[in-house]
Amino acid sequence: MRLGQAFCAMLGRDIRLAIRQRGELAQPLVFFAAVATLFPLALGPEPALLERIAPGIIWVAALLAALLPMDRMFRPDYEDGTLEQMLLSPHPASVLALAKVVAHWLTTGVPVILLAPLIALFLQLPMEALPVLLATLALGTPLLSLIGAIGVALTVSLRAGGPLLALLLLPLYVPVLIFAAGAVDRAAAGFPVAGPIYLLAAMLVLALTLAPMAIAASLRISLS
Amino acid sequence: MRDDRVLFEAIGFTLTPGGIIQLEGPNGSGKTTLLRAICGLAPIEGGHVSWCGTPRDEVLDEFLAALTYVGHVPGVKRDLTPRENLATSLALTTMEPAMPADTAFDRVGLDGLADTPLRRLSAGQVRRAALARLLVAPTPLWLLDEPLTALDADGKRVLERLLADHAAAGGMILISTHHPLDLADTGAQRIRLGD
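Anyway, here's the lowdown on the structure attached to this text.

Rules behind the numbers
Residues numbered from 1 in each chain as written. Chains lettered and ligands numbered in written order. Predicted model: local features only at pLDDT ≥ 70, side-chain atom pairs only at ≥ 80, totals over all residues. Helix = DSSP H or I, 4+ residues; strand = E, 2+ residues; numbered from the N terminus. Rg over C-alpha atoms; globule rule 2.2 N^0.38 Å. Buried ≥ 20, exposed ≤ 12 C-beta atoms within 10 Å, placed from the backbone. Contact = placed C-beta atoms within 7 Å. Core = buried A, V, L, I, M, F, W, Y, C linked by C-beta atoms within 7 Å. Pairing = 2+ DSSP bridges. Axes fitted to C-alpha atoms, helices over the stretch in contact; angles between N-to-C directions. Left-handed = near helix turned anticlockwise from the far one by under 90°. Nonpolar A, V, L, I, M, F, W, Y, C, P; charged D, E, K, R; others polar.

## Focus on the overall build of chain A
Of the regular secondary structure elements, chain A holds nine helices and zero strands. Tracing chain A from N to C terminus, the helices and strands come up as α-α-α-α-α-α-α-α-α. Here the C-alpha atoms of chain A give a radius of gyration of 18 Å, agreeing with the 17 Å that 2.2 N^0.38 yields for 224 residues. Residue burial in chain A is summarised as follows: out of 224 residues, 46% are buried. Taking contacts inside chain A between residues at least 6 apart in sequence as the whole, the part at least 24 apart equals 83%.

Given below as structure tokens:
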């Protein structure tokens, strides 16, 4: 009961903060749209080519858009001391950290999912692949947030943590990218996609159960 | 230890209900490190911390539930109002509020400012907003790291009264500061580091 209140308080606080800092809320969204729209400008507007590369482009753009604001997950809290307060709470730090990851996903991942159909239309993605694209984004972006949070927790006390964070996270993001973009690709070609979707779902369940503990442990290491 | 440097060794003290211990020492003498080590944020190279006679790590939940730590940086969000910050702090404890938020803001001198975002307040007022947490969730043990930073003469009096009241009610306070504090009638002990 008390733990639930603490979880909601943390979630509510972070969402409220994100709404008060609207500029940062728009940042990943603008980035996602910009990356995805630059490709047709550079490669030419032939529908056949765009249709072929659309799943990959949308997913690479979504991945980079997720990476961009990742550092904001714990760094502001580290700087203003609220991260110390979170770790000194009698509630489990893993649950409070999960609340922060959920808030971060709701404010950075969900807007990207909502914008994705428009980008898919723009890149001539076949209509029958759109539900699969949305399903992979709905399963994949929280996965990116959970994995990313471990990396941020490890690098939060470093002054130049940004480049290191990208280096640390990109290899871990590769499996998500392969299965997600692969699933959309198969859907566009008219093949069954249950396999990669189930695999993404399994990875999300695994990350949901294990990542919060890894995040809490990493934060303790970073703060000591 | 900090960055492989030994800051202090062979230091020992016991804090009993109603007790105040004031840590003194020049910059870099390890006051903050000692406070962080006691609450578990920094590792202890040798030695131990006990809570109610039991090693801290065995009763960590009870210890954390009894602890309020106000660090160097106040631990409040600058984009939120004092009221919102206080509500989050309270939700992170396991306590029922000891007094309404408005009473607490009156006592720390923030009346009328409870709904102004902290970024529009002065450094001293941000400090006061952080101190309001001590009133609303008065856990038995307070660890305060340089709480006088940015506080004016009136803020200092508010803090001294807060400390005296908490000690009189049986609370325990460990406070680091290099400003003189007027705690004459509370029987505060002083420990000097770095000599």
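## Some details on the nonpolar core
Counting 117 residues, the largest nonpolar core has Ile58, Ala62, Ala149 and Val184 of chain A together with Ala132 and Leu143 of chain B as the members making the most contacts within it. Here the element with the most residues in this core is helix H7 (residues 130-155) of chain A; it accounts for 13 residues. When near neighbours in sequence (up to four residues on either side) are disregarded, Ile58 of chain A contacts Ala36, Ala116, Ile119, Ala120, Leu123 and Leu133 of chain A.

## Some points on the sheet that holds strand S1 (residues 20-24) of chain B
Residues and elements named next belong to chain B. What the five strands build is an open sheet, ordered S4-S5-S6-S1-S7; its pairing is parallel. Two strands close off the open sheet at either side, each with one partner strand: strand S4 (67-70) and strand S7 (189-192). Along the sheet, successive strands turn relative to each other by an average axial angle of 15°, direction set aside. Pairing between S4 and strand S5 (residues 141-145): four bridges, direction parallel. Across the sheet, the residue bridging to Val70 is Leu144, located in S5.

## Some remarks on the packing of helix H1 (residues 2-20) of chain A against helix H6 (residues 93-122) of chain A
Residues and elements named next belong to chain A. Between H1 and H6, the least distance of the axes is 8 Å, while the angle of their chain directions is 35°. Crossing hand, H1 versus H6: right-handed. Here Leu3, Ala6, Phe7, Met10, Leu11, Asp14, Ile15 and Ala18 of H1 come into contact with H6, specifically with Val95, Leu96, Ala99, Lys100, Val102, Ala103, His104, Leu106 and Thr107. Here the contact of H1 with H6 is composed, by residue class, of 13 nonpolar, two polar and two charged.

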